[in-house]
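Below are the chains, spelled out letter by letter.
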Amino acid sequence: MHFKFLLIFLFIPLFSFSQNHTISGNVKDAANGEDIIGAIVSVKGKSDIGAATNSYGFYSLTLPAGNYTLVYQYVGYKSKEETIVLAANQVVNISLSMSSRDLDEVIVRTERADKNVSSTQMGAFKLDPKQIESVPVLFGEKDIIKTLQLTPGVKAAGEGNAGFYVRGGAADQNLILLDEAPVYNASHMLGFFSVFNSDALKDVTLYKGAIPAEFGGRGSSVLDVKMRDGNSKKYSASGGIGLIASRLTLEGPIVKDKGSFIISGRRTYADLFLKLSNNDRIKNSKLYFYDLNLKANYQIGKKDRLFLSGYFGRDVFGFSNVFGFDWGNSTATLRWNHILSSKIFSNTSLIFSNYNYRIKINTSNQDLTITSAIQDWNLKQDFTFIPNPNNNIKFGFNLIDHTFKPGFIKAGANSNFNNQELSGRKALEGAIYVQNEMRITDKLGVQYGLRYSGFDFMGSAIAYTFDADGNKIGEKKYSKGQSITYYDGWEPRISARYELNNVSSVKAAYNRNFQYLHLLSNSTTSSPTDLWVPSSNNVKPQIVDQYSAGYFRNIKDNMYEVSVEGYYKTLQNQIDYRNGADLVFNELVEGELVYGKGRAYGVELLVRKNMGRLSGWVSYTWSRSLRQFDAINQGKEFPARQDRIHDVAIVVMYDLSKKLKISGNWVYYTGSAVTFPSGRYNINGMQVPYFTERNGYRMPDYHRLDLGLTWITRKTDRTERSWNFSLYNAYGRQNAYSISFQENPDNPQQTQAVQVSLFTWVPAITYNFKF
Amino acid sequence: MNKIFLTLSALFFLLTSCEKVVNINLNNASPQYVVEGVVFDGTDTARVRLAKTTDYYGISPQQILTNATVSLSDDMGNSVVLPYIGWDSCYQLSGFTSISGRKYTIHVLVDGLNIQGSSTLQQSVPIDSVSIVYKTDGFRGAGYEVATNISDPANTPNFYRLVTTINDTLQNQPKDLYLFNDKYNDGKHIRTALKRRFKSGDKITIELRTMDAAVYDFFTSLRDALNNQNGPAPANPNTNLIGGALGYFGTFTRSKVSIIVP
């Protein structure tokens, strides 16, 4: 490990220990034993002292000796009081019960009613997977990523697509974590579904600015997805049957109140429709995906707890035995929670992640298999140290071993292909961090942190060098473990909040992120064959600096949350491709890349209503995202594809009665920047478009309305049955998916523009059950 | 691989997608010079066409430039002038003999501009045979599949294009740009099936052309510019010309086979 990794410990502030004692413990849901994340523990009569539970439901509160009444609360749950005589360190574990949800009762949909204003965090959006159930989506498959795309600063990569852009960044600049394991290709079936099965999820947070120091490795955002732990009180099953997919979740205690498990599976059966075809070739085709989420946890003694979670998903496409194509992610996380002391919580994780694809061709005159994979082993150690109610310190490190196997062609006996393998790549990525969330005064809070990250690109590998035109000019072979290039950097993260009064605050933040892995893609939406490449002697790490500031206000007793955030970002070492770049199975793929810089800025407005019969939000973003490459557009700055200037989303959910809920969302955005021709000429008897500038045009503006209806046919304490109906693109707008320029087939002397639209009126119906 | 992917997408969207001609306003770029220069192996007519770009939706035929000085030289010190004859709107010289292995350069002097382009004539590769098989499986349904078989010369990169004439009609649409190389099968037998099915009695002429890497790069990027405009960055084809012109200068070998589907 590089010596600089050690320096960072000098930044850990020293704390004096006085005659104080610590109350620590866990907060759980009384009904199913799930840990509650972000529950508030406060001291009655001292509103400014308190603590919140971490990702594992753990809290720690240090107070001078004395008598206290502690109040445990979490929104949507009945709060609980506990009287304590504090003379020594004490463990207090609490279970909270959900408040009975009468229609007239106020229901809050975030953990703390005034969090918008009082938290130091900015640039974050938190979703409870349960609460997006009624948001209508394509094919009726509820999807956290598609719901996040309706929030400010987040844009869909394309019609119905699960890829997304955050604050002008590229799709590969999002770190997508499922129980801490990175997911390298987060979409199924051409991007129309995300890999996240909402049934298995507990908590979803997207950080698009002020990214805490504990996260790193991507430039633009962190999508932190946490799986449910499973019911530790009783066995239960839930699921849904839809037109295109079905889901089933089983969960229950391993040993009551000591451990639990959850298994959640999902499979699509779109290919059943292919069977209806009278064309034999289509009839014998396969096109489906499935995924499986598994998680188990077990409490060993009072201080230790083990978690094992895994995800396995696969897309399968087959064409009448002659062609097969399958791809998918697998991840596994083994975690060990250990309470070192009442003030120090430790979590050690061993994380595995793999993404691969396989293409098989087997015809009478061809027989070959193409494979490609990326695989990570990651050891991660995180500590939370809570010395007193005013400081919450997190520190830790992680070390990732990356293996890249970009491509291998295995030719069968029947093939005229040569067996070929692209050179593998190997890299070690390490980071060490420390951060403190500190309350300085009642009004002023800061969260400051520093992360040091390093990346060692190493052998065994062949390192190529290229001239300015991308032609190979040299190569050097490195043996196993030999360092080829080492990159490192400091990533400061700081954010501050100042409360103007009880209902409003201002916040500001700065963060720097390094990104050492890059995704090469030659399609506009995600493709299973997109290639992850490491930073190398040719490819430098991407560096993103972001400055942001915002004003936050709650109105009508926290009924409405309003926020305005502005940001400015600079992006270094951005990657683009040479004209006509060959990214497919190319040993010299780095020669096809060109490098440049970018900047992005914007203002985001959000009005959110979390309580009452009517809930939802209105989001508006004004933003720009620009790039500049010496090799592109004569070196002039041009808009990135994701440069959509205006972006509006309105999400409304309304409870008509206890049994009937309606919902709707409407989106509008400026068309993406795109390259169209500004002239034409004739080559080989064909009309060729003449392009003059990169992304100099716009696609037509996009807008769409979706409607949803949820009808609960039966609801008791134990069981629930409901029907969900949705209509995607309710007014049938033909939004442009692509526009191509071509000869007019009726008159070869003329040319025309042809627009392809994908979805007009897609209805869906799903039956959900729980028992 | 991308094509496979597109097929996959097409299947999925069969029921949902719709296509229509739309009216998109486009800028009118200032006209640029376009050169298309072609020399075939053996003794044939060397041709260069010089034109200017027009507005994308323009209905007038493109403007042919007739006031240029065009010459053709090789790396052995020979040089000839190609006069403008008018037939086929080309500067041309009939009876020009080219030799494999030589590098040819065209020089176009027009409006004070000096445009040059070079291309090396490759070794000719014959079509060993054409196989005709009746097929019912695969992506293209039932019918005769016609494929060319060649023996790729080993230890040298080779670049190919197939030009087909079907029932006396030259296949000249963007989808007819059959381009392949020996990246995966250097020195092996290469079988290339035409991407359509045929019926009994179809008359097919297949011409196999070889070219150098730069000309191949022009044609593959031309194919992308015509067929794959929805990639992240549509761009003009990579020209092998210097001096500020669009287009290419290419030398090609040809070997031809004609068949009639039984």
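Residues numbered from 1 in each chain as written. Chains lettered and ligands numbered in written order. Predicted model: local features only at pLDDT ≥ 70, side-chain atom pairs only at ≥ 80, totals over all residues.

Trainee: Outline the overall build of chain A, listing residues and values.
Mentor: On a plain count of helices and strands, chain A comes out with five helices and 51 strands. Rg of the C-alpha trace for chain A: 27 Å, near the compact-globule value of 28 Å for 771 residues, within the 12% margin. Here the C-alpha coordinates of chain A stretch approximately 90 × 65 × 50 Å along the principal axes. For chain A, the proportion of its 771 residues judged to be buried stands at 51%. Of the contacts formed within chain A by residues at least 6 apart in sequence, a portion of 63% connects residues at least 24 apart. (Helix = DSSP H or I, 4+ residues; strand = E, 2+ residues; numbered from the N terminus. Rg over C-alpha atoms; globule rule 2.2 N^0.38 Å. Buried ≥ 20, exposed ≤ 12 C-beta atoms within 10 Å, placed from the backbone. Contact = placed C-beta atoms within 7 Å.)

Trainee: Give a detailed account of the overall build of chain B, specifying residues and quantitative values.
Mentor: Counting its regular elements, chain B contains two helices and 17 strands. Each of the three principal axes of chain B carries a C-alpha extent, and together these read 60 × 50 × 35 Å. Looking at chain B as a whole, 32% of its 262 residues are labelled buried. Taking all contacts inside chain B whose residues are at least 6 apart in sequence as the whole, residues at least 24 apart take part in 66%.

Trainee: Explain the nonpolar core residue by residue, including any values.
Mentor: Ranked by internal contacts, the top residues of the largest apolar core, which has 111 residues, are Ile 144, Leu 148, Phe 164 and Leu 177 of chain A. In this structure, this core is formed jointly by two domains, domain 2 (115-225) and domain 3 (226-770) of chain A, each of which donates at least three residues. If near-sequence neighbours (up to four positions away) are discounted, Ile 144 of chain A is found in contact with Leu 127, Pro 129, Ile 132, Ser 194, Phe 196, Ser 198, Leu 201 and Val 204 of chain A. With 51 residues, the next largest nonpolar core counts Tyr 690 of chain A together with Phe 218, Tyr 248 and Phe 252 of chain B among its residues. (Core = buried A, V, L, I, M, F, W, Y, C linked by C-beta atoms within 7 Å. Domains from an automatic or database assignment.)

Trainee: Account for the sheet that holds strand S2 (residues 40-43) of chain A, naming residues and giving values.
Mentor: Residues and elements named next belong to chain A. If you walk across this open sheet you meet the four strands as S3-S2-S5-S6, and the pairing is antiparallel. At either margin of the open sheet sits one strand with a lone partner, and together these are strand S3 (46-52) and strand S6 (80-86). Along the sheet, successive strands turn relative to each other by an average axial angle of 30 degrees, direction set aside. Taken together, the four bridges between S2 and S3 define a ladder with antiparallel strand orientation. Each bridged residue has a counterpart across the sheet, and for Ser 42 the counterpart in S3 is Gly 50. (Pairing = 2+ DSSP bridges. Axes fitted to C-alpha atoms, helices over the stretch in contact; angles between N-to-C directions.)

Trainee: How would you sum up the pairing of strand S36 (residues 542-555) of chain A? Please name residues and give values.
Mentor: Residues and elements named next belong to chain A. Residue alternation in S36 divides its side chains into a buried set, Gln 542, Val 544, Gln 546, Ser 548, Gly 550, Phe 552 and Asn 554, and an unburied set, Ile 543, Asp 545, Tyr 547, Ala 549, Tyr 551, Arg 553 and Ile 555. Bridge count for strand S33 (residues 504-515) against S36 is twelve bridges, and the pairing is antiparallel. Along S36, the bridge assignment pairs Phe 514 with Ile 543. Counted along the chain from S36 to the antiparallel partner strand S37 (residues 560-577), the turn is four residues long, and its residue Lys 556 has a positive phi close to 55 degrees.

Trainee: Any details on the pairing of strand S7 (residues 103-110) of chain B? Residues and values, ideally.
Mentor: Residues and elements named next belong to chain B. Pairing of strand S4 (residues 69-74) with S7 involves six bridges; the strand directions are antiparallel. Paired with Ser 73 across the bridge in S7 is Thr 105. In this sheet, strand S8 (residues 113-120) lies alongside S7 in antiparallel orientation, the contact comprising eight bridges. Counted as the bridge partner of Tyr 104 is Ser 119 from S8. In this structure, the hairpin formed by S7 and S8 is closed by a connection of two residues, where Asp 111 is found at a positive phi of approximately 45 degrees.

Trainee: I'd like a rundown of the interface of chain B and chain A, residues and numbers included.
Mentor: Tallying the contact residues gives 63 residues for chain B and 65 residues for chain A. Among the residues making up the side of chain B that touches chain A, the classes are represented as 31 nonpolar, 22 polar and ten charged. Across five bridges, the pairing between strand S50 (residues 747-757) of chain A and strand S1 (residues 18-22) of chain B is antiparallel. Looking at the pairing, Gln 755 of chain A lines up with Lys 20 of chain B of S1 of chain B. (Nonpolar A, V, L, I, M, F, W, Y, C, P; charged D, E, K, R; others polar.)

Trainee: I'd like a description of the confidence of the model for chain B, backed by residues and values.
Mentor: A residue-level look at chain B finds 91% of positions with pLDDT of 70 or above and a mean pLDDT of 88. Two numbers describe this predicted complex: its pTM, 0.88, and its ipTM, 0.91. (pLDDT = per-residue confidence, 0-100.)

Trainee: Please set out helix H2 (residues 213-227) of chain B residue by residue, giving values where relevant.
Mentor: For H2 of chain B, which comprises 15 residues, the first-to-last C-alpha distance of 21 Å matches the rise-based estimate of 21 Å (1.5 Å per residue) to within 8%. Among the 15 residues in H2 of chain B, eleven count as buried, and that is most of the element. (Expected span 1.5 Å × (residues − 1).)

Trainee: How would you explain the environment of Gly 77 of chain B if you had to name every residue and give the values?
Mentor: Residue and element names in this part refer to chain B. Structurally, the position occupied by Gly 77 is in the loop between S4 and strand S5 (79-82). According to the C-beta neighbour criterion, Gly 77 is exposed, with 6 such atoms within 10 Å. As for Gly 77 and Thr 210, which are separated by 133 residues in sequence, their C-alpha atoms are 24 Å apart.

Trainee: Now, about the environment of Leu 63 of chain A: what can you tell me, with residues and values included?
Mentor: All names here are of chain A. In this structure, Leu 63 sits in strand S4 (residues 58-64). Its 18 C-beta neighbours within 10 Å are what place Leu 63 among the partly exposed residues. Leu 63 sits 42 residues away from His 21 along the chain, and the two C-alpha atoms are 5.6 Å apart. Residues contacting Leu 63, with those up to four places away along its chain left out, are Asn 20, His 21, Tyr 68 and Leu 86.

Trainee: Account for the sheet that holds S4 of chain B, with residues named and values stated.
Mentor: Pairing within the open sheet is antiparallel, and its five strands lie in the order S5-S4-S7-S8-S16 (chain B). Each edge of the sheet is formed by a strand with only one pairing partner; in this case those strands are S5 and strand S16 (241-242) of chain B.

Trainee: So what about the confidence of the model for chain A? Which residues, and what values?
Mentor: Residues and elements named next belong to chain A. Scored by pLDDT, chain A has a mean of 88; 94% of the residues are at 70 or more. Every residue in residues 5-17 scores below 50 in pLDDT, and together they form 13 contacts with partners more than four places removed in sequence or on other chains. With pLDDT under 50 throughout, residues 102-110 is counted as low confidence; its partners more than four residues away or in other chains account for 22 contacts.

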